[in-house]
Amino acid sequence: MTAPPLGGQSTIPPPNVFPPTEGASRYRHGRLLLDLPLSLTAARVPGKTAVVSERGSVTFAELERLANRFANGLLARGLQPGQVVALRLPNSIEHLALAYALARAGLVCSPLSTRWTEREVTSCVTDVGAALVVGEGHLDPSDLLEIGSDDQPGVDVPEFAPLHVRFTSGTTGIPKATLGLQRSVSLMVQGLIIELGITEQDVHLAVAPFSHAAIFFALAAVAVGATTVISSGFDP
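Not measured: the values here are computed from a predicted model.

The rules we used
- Residues numbered from 1 in each chain as written.
- Predicted model: local features only at pLDDT ≥ 70, side-chain atom pairs only at ≥ 80, totals over all residues.
- Heavy atoms only, no water.
- 1 Å grid on protein atoms, 1.4 Å probe; cavity = no way out; pocket = protein on both sides within 12 Å on 5 of 7 lines; lining within 4 Å.
- Points joined across faces, edges and corners; volume = space filled by probe spheres on them.
- Helix = DSSP H or I, 4+ residues; strand = E, 2+ residues; numbered from the N terminus.
- Axes fitted to C-alpha atoms, helices over the stretch in contact; angles between N-to-C directions.
- Parallel < 35°, antiparallel > 145°, perpendicular 65-115°, else oblique.
- Contact = heavy atoms within 4.5 Å.
- Nonpolar A, V, L, I, M, F, W, Y, C, P; charged D, E, K, R; others polar.
- Core = buried A, V, L, I, M, F, W, Y, C linked by side-chain atoms within 4.5 Å.
- Buried < 20%, exposed > 50% of the residue type's maximum accessible area, 1.4 Å probe, protein only.
- Right-handed = clockwise from strand over helix to strand, strands pointing away.

Asks: Hey, could you go over empty space enclosed by the protein for me, with residue numbers and the actual values?
Replies: Inspection of the entire model under this criterion finds 2 cavities of 30 Å³ or more. For the largest cavity, the calculated volume is near 100 Å³. Considering the residues around the largest cavity, the lining is formed by 14 residues, among which Leu34, Ala99, Cys109, His164 and Ile215 are closest to the centre. Going through the elements one at a time, helix H3 (93–104), strand E4 (108–111), strand E6 (162–167) and helix H7 (214–224) are the ones with two or more residues in the lining of the largest cavity.

Asks: So what's going on with the layout of surface pockets? Residues and values would help.
Replies: A volume near 520 Å³ is recorded for the largest pocket. Residue lining of the largest pocket: 24 residues in total, with Pro90, Asn91, Ile230, Ser231 and Ser232 positioned closest to the centre. Those elements giving two or more residues to the lining of the largest pocket turn out to be strand E2 (56–59) and H3. Sort the elements by how many residues they give to the lining of the largest pocket and E2 lands first, with 3 residues. In this structure, the second largest pocket spans a volume of roughly 230 Å³. At the level of elements, helix H1 (36–44), helix H6 (182–196) and H7 are the ones that each hand at least two residues to the lining of the second largest pocket. In terms of residues, the lining of the second largest pocket owes the most to one element, H6, which gives 4 residues.

Asks: Kindly report on the packing of H1 against H7, identifying the contributing residues and their values.
Replies: Viewed as axis vectors pointing N to C, H1 and H7 meet at an angle of 40 degrees, and their least axial separation amounts to 7 Å. Our classification of the angle between H1 and H7 gives oblique. Across from Pro37, Leu38, Thr41 and Arg44 in H1, the residues of H7 making contact are Val222, Ala223 and Val224. By residue class, the composition of the contact of H1 with H7 is 5 nonpolar, 1 polar and 1 charged.

Asks: Which residues make up the nonpolar core, and what values go with them?
Replies: Ranked by size, the top nonpolar core spans 53 residues in total, and within it Leu63, Leu74, Val85 and Leu96 carry the most contacts. Setting aside anything within four residues of it in sequence, one finds Leu63 in contact with Leu38, Ala50, Val51, Val58, Leu96, Ala97, Tyr100 and Val222. Core analysis: the next-biggest nonpolar cluster, separate from the first, contains 12 residues, Ala86, Cys124, Val128 and Val133 among them.

Asks: Provide a residue-level description of the pairing of E4, including the pertinent values.
Replies: Of the two faces of E4, the one carrying Val108 and Ser110 and the one carrying Cys109 and Pro111 are both buried. What joins strand E3 (residues 84–88) to E4 is H3, and the crossover it makes is right-handed.

Asks: Which residues make up the packing of H6 against H7, and what values go with them?
Replies: When two helices pack together, their arrangement is given by the angle between the helix axes and by the axis-to-axis distance. Running from N to C, H6 and H7 cross one another at 75 degrees; their axes reach a closest spacing of 9 Å. By the angle between their directions, the pair H6 and H7 is classed as roughly perpendicular. Contacts between H6 and H7 involve Val185, Met188, Val189, Leu192, Ile193 and Leu196 on the former and, on the latter, Phe216, Phe217, Leu219, Ala220, Ala223 and Val224. Of the residues belonging to the contact of H6 with H7, the class tally is 12 nonpolar, no polar and no charged.

This is the structure we're talking about:
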């Protein structure tokens, strides 16, 4: 599959044309897929702490298992690769694991701010045609874990597949959806690692919302094996 031509008509097929195929894992290496660095880090330093929050912590191996269980839980609900799943979650271990799970299942992640009103949430969910909303007032993440398994989902995801739909702030108008692909988001994460010099010895403090740009810094930390500490906020 080729990249869309610059300044021309996109050659990316509709989101619903990415069916799961058997033996997909052998095609993963060599592609820029967002979830692959998690698998590599979990294999390299499985027992190292990946994420710390007020509710507990997980190792990289545990984060990998969570991503698999969430991915399989989403697919068990009948979702098809290419469909959009909206996340209305605060910064949490579950939010990060679901970001990897959606990428692994070939689904498109659309994060929603927990500060938005129901009207704003409904508008954005309708705009992207979300097939499911996970989080506050909607499906609880634990429901997906109950029906998921620890196995790799085995979905053959192209690197030019749609991955991430994020909304602009809407400061001067209605928020607008922007699309990121598996490849483009992966390159963004790699760029953060290179430009900021992130290493395995670093500790990443996550303060800004995962529903906005902060998720990419957490993804970069996981890719190199750095620990992310999720802050619940501060009292000045």
